[in-house]
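# Commentary on secondary and tertiary structure
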2 protein chains.
Amino acid sequence: MKGKATSFDIAHYAGVSQSTVSRALRNSPLVNEETRKKVHEIAKELNYKVDKNASNLRTQQSNTIALLLFEDPTKDDSQINPFFLAMLGSITRACANVGYDLLISFQQSSKDWHADYEDSHRADGIILLGYGDFIDYQEKLDKLMVQGTKFVCWGAKVEQSPRLSISCDNYHGGQLAAEHLINLKRTNCAFIGDASEHSPEFFARFNGFNDEFKKHGLEIDSRKIANAISTDDSGFHATKSLISNNIKFDALFAASDLIAIGAISALTQAGIKVPEDVAVIGFDDIPIASFTTPPLTTVHQNTSKAGEMLVTNLLRLIHEQDIEENLLIPELIIRASTR
Amino acid sequence: MKGKATSFDIAHYAGVSQSTVSRALRNSPLVNEETRKKVHEIAKELNYKVDKNASNLRTQQSNTIALLLFEDPTKDDSQINPFFLAMLGSITRACANVGYDLLISFQQSSKDWHADYEDSHRADGIILLGYGDFIDYQEKLDKLMVQGTKFVCWGAKVEQSPRLSISCDNYHGGQLAAEHLINLKRTNCAFIGDASEHSPEFFARFNGFNDEFKKHGLEIDSRKIANAISTDDSGFHATKSLISNNIKFDALFAASDLIAIGAISALTQAGIKVPEDVAVIGFDDIPIASFTTPPLTTVHQNTSKAGEMLVTNLLRLIHEQDIEENLLIPELIIRASTR
DNA sequence: AAATGACATGACACCGGTGTCAGAATGGGG
DNA sequence: CCCCATTCTGACACCGGTGTCATGTCATTT
């Protein structure tokens, strides 16, 4: 036998028509139990696998989801944010559980992104994953909406857009962090991240944090805010600049764990002790957070659940069903960096 | 217009036949410049995208590569080895560069793996990524070979199998690590990892290391070898058991960075100072290696290049061309953990 | 014995492209 | 003016399944 076996080959060997083979393989109740068995046997023998292209072409669906990852640019471009990697893992698993394949593509923020996976029938729907602002892409997202493309985003909800976003309750996460520091009486706090609408998630974290502080008559001094994108490198430099500007603080809230790791590195290098001199708290609870020195106190996002929510909600969208809950509840994980 | 536009729609508007549309869109030299332009214009207007299923079905190729990730089981299953994540990133990019899509699937070592991507015409070839031993899968890999499935593996070369493996020169990497420690006069060394054929990569690293030691009349004491799989957790516990067994050493070679991170954590907790009391050296150079405390000396594997090598060699396999170089040269990165 | 229905199967159109082949239109050379 | 080569286009089969409709068989009903 040259080439792969087709349903016609099976039909030939089984002495039935190709139609019957197709039905038998999909366990249609229309086909006789005996022939069904025979067909399955022969199929196994020939190592037959349904041709997905033919099948997808006919049924007009691909049983595939496309995942577009948007990344802040980093110096080494093979470096991916561990948080997204965790998400990627859970999304893959969630897809596998519902029998969907996953197509992956990394997007350069700058480049034109090829969201044509759905147009070209390669995927039934799209998951967009990235830190923060899809604002730059608003126009394109609107176009997707108009076209009727099924997609979900991870990230902060943008009010003016009707698209479906799944996200963590970042605001509440910020509150948790603030509450914890207040309990520790570490209220002279710095913030490393981006406290502007440009990074809706970071912004929400910051606002939750600061609002909680305000409830206690406190506030983050604006001079103690340093901008950073979500890389250890960026966190390192932002923290270093605070230190070199001789700004004093006894606590530091980092908008993400990677930033926190960079911050700890910068503090330690400057001879500032964590947590004795400065308590550090991060956000995300990436895998390595528990193995930093000292282990990092952080706000945990349940990535397993997040991946599941993204996938199931996208499927609901695809099947035109109503959406389930779409807010992930964060949880404070206390480790040595604030003790 | 309901549904997606097809080439027939374009043909209708352009007043030409569907065949011509197809040719025009693929920039066939057979079609007149003017009609080509017109067709392209209308296609853009209708937001037409070639249906991949139809196209793939006809051409019998998918322009897609499948990536199977084999993972050591971890407690939290959303946790992926950062090294593979880096690989994943570079593979994605390499695929994008050559116009291929990437299908991803995580495999549970235990479960039956669905390597039917190629059988079902979903992918033209497969990349297998995992730490160490595909030995457990040997039988299945042989079956793939027989079927003529195109695939490449990442990892140590297994002599008895003719399959194509791309890997880092782990042996040489081990030598580099040993050489470095010898220069530092830290020769009472422990090894955390798996020094058996069961993990060919770790084994090669260990052998390179130990052989280099032997050249200098030294050797790793077998009592100073502790088994660990490639997780920080596993490295932590392995190191802890050495410590609690009161085994003394002034250097530690970890088979991977994750193990090294766990080891540092265990050492620090036991009041053992890195690098003063024990110099620690890892392997992989994962992104966070430079942000541990202290930053980790490690053997760098160029993941960008590795991803490229995997993809280009797989493509050569698919197109029945000869294979290029397939060994990645490692490089020692010296940081504070051995200073 | 004829009619009715359940059950099982085959024939065939169809999904949306690609590739082959035949043929029309044009132009230059003899 | 005819012939032939060149350039462009259309008709059509084909990829390998899926779904619909028609057909055939047999047991059951009246």
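Residues numbered from 1 in each chain as written. Chains lettered and ligands numbered in written order. Predicted model: local features only at pLDDT ≥ 70, side-chain atom pairs only at ≥ 80, totals over all residues. Heavy atoms only, no water.

### With respect to the interface of chain A and chain B
- Contacts between the two partners involve 52 residues from chain A, matched on the other side by 52 residues from chain B.
- Each partner contributes to the roughly 4800 Å² buried at the junction of chain A and chain B, and carbon and sulfur atoms together form 56% of this total.
- Sorting the residues of chain A by area buried against chain B places Asn53, Arg93 and Phe291 of chain A first, and these three jointly supply 15% of that buried surface.
- Seen at the junction of chain A and chain B, the total is six salt bridges.
- Asp119 of chain B is paired through a salt bridge with Lys49 of chain A; the nearest N and O atoms lie 3.6 Å apart.
- The interface formed by chain A and chain B holds 14 residue pairs in polar contact (both at pLDDT 80 or more) in total.
- Among the secondary structure elements, those contributing two or more residues to the side of chain A that touches chain B are helix H4 (52–59), helix H5 (82–97), strand E2 (101–108), helix H6 (138–147), helix H9 (232–244), helix H10 (257–269) and helix H11 (303–318) of chain A.
- Classifying every residue of the side of chain A that touches chain B gives 17 nonpolar, 20 polar and 15 charged. (Contact = heavy atoms within 4.5 Å. Buried area = accessible area lost by both parts, 1.4 Å probe. Salt bridge = Lys/Arg side-chain N within 4 Å of Asp/Glu carboxyl O. Polar contact = N/O pair within 3.5 Å; in protein donor to acceptor, adjacent residues only side chain to side chain. Helix = DSSP H or I, 4+ residues; strand = E, 2+ residues; numbered from the N terminus. Nonpolar A, V, L, I, M, F, W, Y, C, P; charged D, E, K, R; others polar.)

### Quick word on the protein's contact with DNA strand C
- Contacts to DNA strand C come from 27 residues, most closely from Ser17 and Thr20 of chain A together with Ser7, Ser22 and Arg58 of chain B.
- In this structure, a phosphate oxygen belonging to DNA strand C sits 2.5 Å away from a side-chain N or O atom of Ser7 of chain B.
- Note that a base oxygen of DNA strand C is positioned 3.2 Å from one of the side-chain N or O atoms of Arg23 of chain B.
- Looking at the surface near DNA strand C, the elements with two or more residues in it are helix H2 (18–25) and H4 of chain A together with helix H2 (18–25) and helix H4 (52–59) of chain B.
- For the surface near DNA strand C, the element with the most residues is H4 of chain B, which contributes five residues. (Near = heavy atom within 4 Å.)

### Structural notes on the pattern of salt bridges
- Enumeration over the complete set of coordinates arrives at 18 salt bridges over all chains.
- With a shortest N-O distance of 3.1 Å, Arg335 of chain A and Asp285 of chain A are connected by a salt bridge. Placement of the pair is Arg335 of chain A in the segment after strand E12 (331–333) and Asp285 of chain A in the loop between strand E9 (279–284) and strand E10 (297–300), with a sequence separation of 50 residues.
- Judged by relative accessible area, which is 17%, Asp285 of chain A ranks as buried.
- In this structure, Arg223 of chain B engages Asp221 of chain B in a salt bridge whose closest nitrogen and oxygen atoms are separated by 2.6 Å.
- Under the relative-accessibility criterion, Arg223 of chain B is labelled exposed at 61%. (Buried < 20%, exposed > 50% of the residue type's maximum accessible area, 1.4 Å probe, protein only.)

### Some words on H2 of chain B
All names here are of chain B.
- Where H2 is concerned, the buried positions are Thr20, Val21, Ala24 and Leu25. Burial along H2 is one-sided: seen end-on, the buried residues are contained in an arc of 130°.
- For H2, the elements touching its buried residues are helix H1 (7–14) and helix H3 (33–45).
- Just downstream of H2, Asn27 is the residue with a positive phi angle, here 55°. (Arc of directions from axis to C-beta.)

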